[in-house]
Amino acid sequence: MSLEAVVLVGGKGTRLRPLTIDTPKPMLPLAGVPFLTHQLARARAAGVEHVVLATSYRPEVFEAHFGDGADLGLRLEYVTEVEPLGTGGGIRNVAGRLESDPDDPVLILNGDILSGHDIAAQLELHRSSGAAVTLHLVEVADPRAFGCVPTDAAGRVAAFLEKMPDPVTTQVNAGCYVFARRVIDAIPTGRPVSVERDTFPGLLAAGEVVTGYLDSSYWLDVGTPAAFVQGSADVVRGLLASPALPGTTGESLVLGGAAVDPSAVLSGGTVVGPGARIEAEAQVQGSIIAAGAVVGPGTTIVDSIVAPHASIGGRCSLRQVVVADRARLGERVELTAGARVWPDIELPDVAIRFSSDA
Ligand code: GDD
Ligand code: MG
């Protein structure tokens, strides 16, 4: 019996707008390949052979890229929710495609997590603890955006408290679960269900064994622009080993067909996508310059995302900025933390207003 996995990829990626207007979050390129490739490659390396993607938002983008999954050595299937069914509803909605027996383990992944944890060890703990569900847990400094998961001394989950203003612990749900197949079949059908708010609290109330697999390896939810660009830089620099990295680790990753002027400086895990152009004396640090984008001469870009076919003029300065697809910035534009330029926008006038030497 081969191991199978469900990946939840139906979210709208709201916090990454406008990058996610056309491209769902798991399909945004991170370290040179669509984000989901890193997760699928890691799952494959852990022995997963059959994957069902639970899609909802822009499902066609996934299938157009990954097809039947053969390139990754996987059997890949797609199931699309007509209306978003939430995390639990999305898992239940793919149950008809699963081949596992009632007590077999099924791996479930949130589709926006970069993780170096040992999936095989999590599966082994699931088996040895006889759990209904085994949750990957991590410690974070600020747990408010996550599901808090207190455990007892034996590692048994005591409660599941999704996104509390006053978290009871810094130990949180890391978004990778092992479910006994029968638990998936028991989720109600045809209506939205949240694993975090319904299924996990329900299992605990029913006295089922829910186990925590606490781990301290690399872990990041890439759901915001700052986290996404951080994750990309970390993979390029080798802080997290990814079997899907299309090159070797180092200060930068320049993909085939990109043109980088010899006087330009790329650092901090910057990636330059296929067909992109970096002109003379540009400095790009810890950033993603996507396919076909242009960075003009003398421009500085730090911790930013420049989407496919966007163009940035000469002597600009961008720090912690998102420039969406095909947007065009003029000369000497200065943009800082939180600025987001929408697709196809042209910014020549703003260039004058924000001119660095005005
Ligand atoms: N198919 C489907 N349908 N997928 C969905 C839906 C849906 O209706 N809603 C969300 N998803 C997918 C998203 O695409 C994402 O991959 C995953 O479910 C989690 O959604 P997020 O929107 O990223 O949730 P979060 O980051 O706020 O919180 C979740 O992850 C945290 C860890 O990063 C929760 O599971 C938290 O408990 C957890 O701590
Ligand atoms: Mg998330």
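The model shown is predicted, which means the values in this text are computed figures rather than measured ones. (Residues numbered from 1 in each chain as written. Chains lettered and ligands numbered in written order. Predicted model: local features only at pLDDT ≥ 70, side-chain atom pairs only at ≥ 80, totals over all residues. Heavy atoms only, no water.)

**Thoughts on the site of ligand 1**
As a structural note, the neighbourhood of ligand 1 is formed by 26 residues, with Glu162, Lys163, Asn173, Glu196 and Asp221 the closest of them. Between an oxygen atom of ligand 1 and a side-chain N or O atom of Asn110, the distance comes to 3.1 Å. Separating an oxygen atom of ligand 1 from a backbone N or O atom of Gly147 is a distance of 3.0 Å. Protein coverage of the free-state accessible area of ligand 1, which is 740 Å², stands at 89%. Spatially, ligand 1 is embedded in the largest pocket. For the shell around ligand 1, the residue count by class is 10 nonpolar, eight polar and eight charged. (Near = heavy atom within 4 Å. Polar contact = N/O pair within 3.5 Å; in protein donor to acceptor, adjacent residues only side chain to side chain. Areas by Shrake-Rupley, 256 points an atom, 1.4 Å probe, with all protein chains shown as cover. 1 Å grid on protein atoms, 1.4 Å probe; cavity = no way out; pocket = protein on both sides within 12 Å on 5 of 7 lines; lining within 4 Å. Sits in = over half its atoms within 2 Å of the grid points. Nonpolar A, V, L, I, M, F, W, Y, C, P; charged D, E, K, R; others polar.)

**Quick notes on the sheet that holds strand β29 (residues 340-341)**
The six strands are arranged β14-β17-β20-β23-β26-β29 in an open sheet whose pairing can be described as parallel. Two strands bound the open sheet, and with one partner strand each, they are β14 (252-254) and β29. Looking at chain direction, strand β26 (residues 322-323) and β29 are connected through two bridges and run parallel. Along β29, the bridge assignment pairs Val322 with Arg340. (Pairing = 2+ DSSP bridges. Helix = DSSP H or I, 4+ residues; strand = E, 2+ residues; numbered from the N terminus.)

**Side note on the coordination of the magnesium ion (ligand 2)**
Protein-derived ligands of the magnesium ion (ligand 2) are Asp112 (OD) and Asp221 (OD), with the metal-ligand distances lying across 2.1 to 2.3 Å. With a gap of 109 residues between them, Asp112 in the loop between β6 (105-110) and β7 (113-115) and Asp221 in strand β13 (residues 219-221) connect regions that are remote in the sequence. For the pair shown, Asp112 and Asp221 are each scored as buried. (Donors = N, O, S within 2.8 Å, 3.2 Å for Na, K, Ca; no water. Buried < 20%, exposed > 50% of the residue type's maximum accessible area, 1.4 Å probe, protein only.)

**A few points about helix α7 (residues 225-237)**
Look at α7: 18 Å from first C-alpha to last across 13 residues, which is about the 18 Å you get at 1.5 Å a residue. With 10 of 13 residues buried, α7 is to be regarded as a mostly interior element. When α7 is considered as a whole, its buried residues turn out to be Pro225, Ala227, Phe228, Val229, Gly231, Ser232, Ala233, Asp234, Val235 and Val236. At the C-terminal side of α7, Gly238 shows a positive phi close to 90 degrees. (Expected span 1.5 Å × (residues − 1).)

**Observations concerning helix α4 (residues 119-129)**
Within α4, the full set of buried residues consists of Ile119, Gln122, Leu123 and His126. Buried residues along α4 cover an arc of 100 degrees about the axis, so they all sit on one side. On its buried face, α4 is in contact with β1 (3-8), α1 (35-45), β6, β8 (133-139), β11 (171-180) and β12 (210-214). Where α4 starts, the residue carrying a side-chain oxygen 3.1 Å from the main-chain nitrogen of Ala120 turns out to be Asp118. Gly130, located one to two residues past α4, shows a positive phi value of around 60 degrees. (Arc of directions from axis to C-beta. Contact = heavy atoms within 4.5 Å.)

**Overview of the packing of aromatic side chains**
Scanning the model with the defined rule gives six aromatic pairs in all. Both rings, one in Tyr177 and one in Phe179, keep their centres 6.0 Å apart while their planes meet at 55 degrees; by these two values the pair is tilted. For the pair Tyr177 and Phe179, a shared accessibility class is recorded, and that class is buried. Ring centres 6.0 Å apart and planes at 55 degrees place the aromatic pair Phe179 and Phe200 in the tilted group. In this pair, Phe179 is assigned in strand β11 and Phe200 in helix α6 (residues 195-205), connecting sequence segments 21 residues apart. On the basis of relative accessibility, which here comes to 0%, the residue Phe179 falls in the buried class. What makes Phe200 buried here is its relative accessible area of 1%. Three or more aromatic residues joined by ring pairs form one cluster here, namely Phe160, Tyr177, Phe179 and Phe200. (Phe/Tyr/Trp six-rings, centres within 6.5 Å; stacked < 30°, edge-to-face > 60°.)

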